[in-house]
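The lines below spell out each chain.
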Amino acid sequence: MDSETDLAAINARIATLKKTALELKALGADIPCLDRNTARILASLKMLEIGFSDVVDLDSGD
Amino acid sequence: MRRRRVNFDQPYWNPVLEQLPREKLRRLQLRKFRNIFAWAYERSRLHRPLYDRAGIRPEDIRGFEDIRRVPKVEKAMMRDIQRKDPFPYGDALCVPLDEVCEFRQTSGTTGQPVYQADTWQDWEWWAECWSYILWSQGYRPSDRVFMPFGYNIFVAFWAGHYAAEKIGCEVVPGGVLDTQARILKIQELKATAMMGTPTYILGMADTARTKMGIDPAGLGITKITCAGEPGAGIPSTKRRMEEAWNAKVYDHAGATEIGAWSYECRHQPGGMHVNEALFLVEIEDVDTGEIIETPGRRGKMVITALDRLAQPCIRFDSKDVIEWASEPCPCGRTFRLIKGGVLGRADDITKVKGVLLAPVSIEEVVRGIDGLSDEYEVIVDKLGDVDRIKLKVELMPGAEERAKEIENRLKDQLRLKTNLGYRIEFYDYGRLPRYEVKAKRFKDLRKEKPV
């Protein structure tokens, strides 16, 4: 599980999911069901970012 | 596409973070600290003036030595800024009020309760913190988890409930049931795991045995996660719970204002892992304020929750007394261990007859002596100018004839562990108070009128 390739692949898919969720949320201004469910999806996606995306570029310095 | 089931044998909830090399972990902490500091600096009317007064801005955080210059936040400061707009959270709220979706408050045992706001993302984060705990302790989707706690304004095991659901366990909320009804429900449903304070876990076992004629060891509970008190980190108390329930008992520590920051894994290494991917824990020397990096020196914890947004927890002076362990855990996690878990609270440690006393060491002795019940009470008072300390204990039925031998053992062990002489008072089994959640067994009457 420490393969950089795996992590990069996971991160790419998280980014795709997030982009889609944000696009969905933007369509939901007048649709509470769409807005609130995507808000929850985004909160779950944040947990994936914390778990995986945040460590992808740790070697690159700050 | 064929559905793949998650590998139940995987010991880590997140093998990436839990095995991250130390140097990367430190880099991650520094980066996250900088982010949460900037977040609070830009949004919190509590934090920004505090940091401005100290002359520290987000761009000044370049290394851990800069973090040590960041002023600490104490619980009293949180009390002072609350009950104002945005009501009731006041100046520390960093998000619009309509993004807050969870309210909890501290128990108020040390003063006015502190209100805690969380967004849904923060609440997901709480459940994520707890998922590390439960997975590391062997909770799996095949478990039926019984929750014997009052679901109310205190955070207690709420996030444990959400995390167990997230892991895929079947969760049985035992909320308003009384203790006997909870025991019957555990028996009826063949629950396999539960969570509770050590006081309550021991109390449930006692109720099952003495009031219901049920042996809790035969109920099928295989693991118990404890929090709220140091008990699961005290070897003699842990042993009593494990023997009573025939289950593995694991320790965990968390707090309303902080989050669920540490856990004991299945290896039971005599301490808890700090979840260093989600929290930055510093140990500060109580007298000098120096940050302790080496194992074996006790100090109080200063903690930062690196991803909590609505009401940030940055360099919070928790007053929990901890120390780094010298040996790594055989589980392979790179998260450091704190030896013995939370050893007490800095404000619980008191001087009696000029000797520093941590009440937790009295519990270790009492619960280690066969023939004594789980209950005890310690009373400190003054006769004139002289401190006195009295220990009330209960003899188990059948142990009455051994009272003198037990008293001698108690006195010897207490002298050895605490350097103090005690007056021992024996009570019949069932005479001392029982507690439902957290026990209050240490009573210091010296601030009241001298005897």
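Within each chain, residue numbers correspond to sequence positions counted from 1 in written order. Note on labels: chains are lettered from A, ligands numbered from 1, in written order. For this predicted model, a pLDDT threshold of at least 70 governs which residues receive local features, and a threshold of 80 or more governs which side-chain atom pairs are given and counted, while totals over whole chains, interfaces and linings are taken from all residues. Here the side-chain values reflect all heavy atoms present in the structure, with hydrogen atoms and water set aside.

> What should I look at first to understand helix H9 (residues 198-212) of chain B in this one?
Every α-helix carries 3.6 residues per turn, so stepping three or four residues along brings you back to the same face. Residue and element names in this part refer to chain B. In this model H9 runs 20 Å from its N-terminal to its C-terminal C-alpha over 15 residues, within 8% of the 21 Å that 1.5 Å per residue would give. Any two residues whose heavy atoms approach within 4.5 Å at even a single point are treated as in contact. In this description a helix means any DSSP run of H or I spanning at least four residues, a strand means any run of E spanning at least two, and both kinds are numbered starting from the N terminus. Contacts made by the buried residues of H9 are with helix H8 (179-189), strand S5 (193-196), strand S6 (223-226), helix H10 (235-245) and strand S17 (372-383). Just downstream of H9, Gly 213 is the residue with a positive phi angle, here 65°. Take the number of residues in a helix, subtract one, and multiply by 1.5 Å to get its expected span.

> Could you clarify how one ought to interpret the side chain of Arg 315 of chain B in this entry?
Residues and elements named next belong to chain B. Take Arg 315: it is sitting in the loop between strand S11 (299-305) and strand S12 (316-322). For the exposure calls, accessible area comes from a 1.4 Å probe over protein chains only, and a residue counts as buried if that area is under 20% of its type's maximum, exposed if over 50%, partly exposed in between. When its relative accessible area of 3% is taken as the criterion, Arg 315 is described as buried. Engagement of the side chain of Arg 315 in a polar contact is seen with the backbone oxygen of Ile 67, the distance being 3.5 Å. If we ignore the near neighbours within four places in the chain, the residues touching Arg 315 are Phe 33, Ile 67, Arg 68, Val 70, Pro 71, Lys 72, Val 73, Glu 282, Ile 291, Val 302, Ile 303 and Thr 304. Any N or O atom pair separated by 3.5 Å or less is treated as a polar contact, with the protein-specific requirement of one donor-capable and one acceptor-capable atom, and with residues adjacent in sequence counted only for side-chain atom pairs.

> Even after reading the chapter, I still don't get empty space enclosed by the protein, so can you show me in this structure?
The probe, sized like a water molecule, is rolled over the atoms to show the empty space still left. Residue and element names in this part refer to chain B. Put plainly, a pocket is an open set of points on a 1 Å grid over the protein atoms alone with protein on both sides within 12 Å along at least five of seven lines, a cavity is a set where a 1.4 Å probe fits but cannot get out, and a lining residue has an atom within 4 Å of a point. Grid points are joined across faces, edges and corners, and a volume is the space filled by probe spheres set on the points. Here the structure, examined in full by the defined rule, presents two cavities of 30 Å³ or more. Taken together, 13 residues line the largest cavity, and the ones lying closest to its centre are Arg 26, Arg 68, Val 281, Glu 282 and Glu 293. Taken together, the elements giving at least two residues each to the lining of the largest cavity come down to helix H4 (64-67) and strand S10 (279-284). In terms of residue count, the dominant contributor to the lining of the largest cavity is S10 (four residues). Each residue belonging to the lining of the largest cavity can be placed in one class, and the counts come to eight nonpolar, no polar and five charged. Size it by volume and the second largest cavity reaches roughly 60 Å³. Lining of the second largest cavity is provided by Val 73, Met 78, Gln 116, Glu 257, Gln 311, Pro 312, Cys 313, Ile 314 and Phe 316. Residue classes in the lining of the second largest cavity are distributed as six nonpolar, two polar and one charged. Amino acid classes used here: Ala, Val, Leu, Ile, Met, Phe, Trp, Tyr, Cys and Pro are nonpolar; Asp, Glu, Lys and Arg are charged; the rest, including Gly, are polar.

> Can you walk me through the environment of Gly 270 of chain B in this structure?
Residue and element names in this part refer to chain B. With respect to the helices and strands, the residue Gly 270 is situated in the loop between strand S8 (259-263) and strand S9 (271-274). Sequence separation between Gly 270 and Pro 141 is 129 residues; the distance between their C-alpha atoms is 27 Å. In contact with Gly 270, not counting residues within four places along its chain, are Ile 338, Lys 339 and Gly 340.

> Sorry, what's going on with the interface of chain A and chain B here?
Size of an interface: often given as the accessible area lost when the parts come together. Listed per partner, the contact involves 19 residues of chain A and 19 residues of chain B. Approximately 1,800 Å² of surface area, both sides summed, lies buried where chain A meets chain B, with 61% of it carried by carbon and sulfur atoms. Throughout this description, the term salt bridge denotes a Lys or Arg side-chain nitrogen within 4 Å of a carboxyl oxygen of Asp or Glu. The interface formed by chain A and chain B includes two salt bridges. Its salt-bridge partner being Asp 54 of chain A, residue Lys 32 of chain B comes within 3.6 Å of it at the nearest N-O pair. Inspection of the region where chain A meets chain B yields four residue pairs in polar contact (both at pLDDT 80 or more). Computed with a 1.4 Å rolling probe, the buried area is the accessible surface lost when two parts are put together, summed over both parts.

> So what exactly am I meant to see when it comes to the sheet that holds strand S19 (residues 423-427) of chain B here?
Pairing between sheet strands relies on hydrogen bonds along the backbone, with the strands arranged either parallel or antiparallel. Residues and elements named next belong to chain B. Paired strands, as defined in this entry, are two strands with at least two bridges between them according to DSSP. Spatially, four strands are ordered S19-S18-S17-S20 in an open sheet, and the strand pairing comes out mixed. In this open sheet, the two edge strands, each paired with only one partner strand, are S19 and strand S20 (442-444). Direction aside, neighbouring strands of the sheet carry axes that sit 15° apart on average. Its contacts with the sheet put helix H11 (residues 359-366) on S17, strand S18 (386-395) and S20, and the angle it makes with S17 is roughly 140°. Simply put, an axis is a line fit to the C-alpha atoms, just over the touching stretch for a helix, and the angle between two N-to-C directions goes from 0 to 180 degrees. Against the sheet, helix H12 (residues 403-418) contacts S17, S18 and S19, and its axis sits at roughly 140° relative to S19.

> Honestly, the pattern of salt bridges in this entry has me stumped. Any pointers?
Two side chains that carry opposite charge are able to pair once their charged atoms sit near each other. Residue and element names in this part refer to chain B. Using the criterion set out here, one finds 52 salt bridges over all chains in the structure. Residue Arg 69 is joined to Asp 66 by a salt bridge in which the shortest nitrogen-to-oxygen separation is 3.7 Å. Taking the relative accessible area as the measure of exposure, Arg 69 reaches 44% and is therefore partly exposed. Here Asp 66 falls in the buried class, since its relative accessible area comes to 9%. Between Asp 317 and Lys 300 there is a salt bridge, with its nearest N and O atoms 3.0 Å apart. On the criterion of sequence distance, the pair formed by Asp 317 in strand S12 and Lys 300 in strand S11 is long-range, its members being 17 residues apart. For the pair formed by Asp 317 and Lys 300, the shared burial category is buried. Each member of the salt-bridge network shares a partner with another, and the members are Arg 22, Arg 68, Glu 276, Glu 293 and Arg 336.

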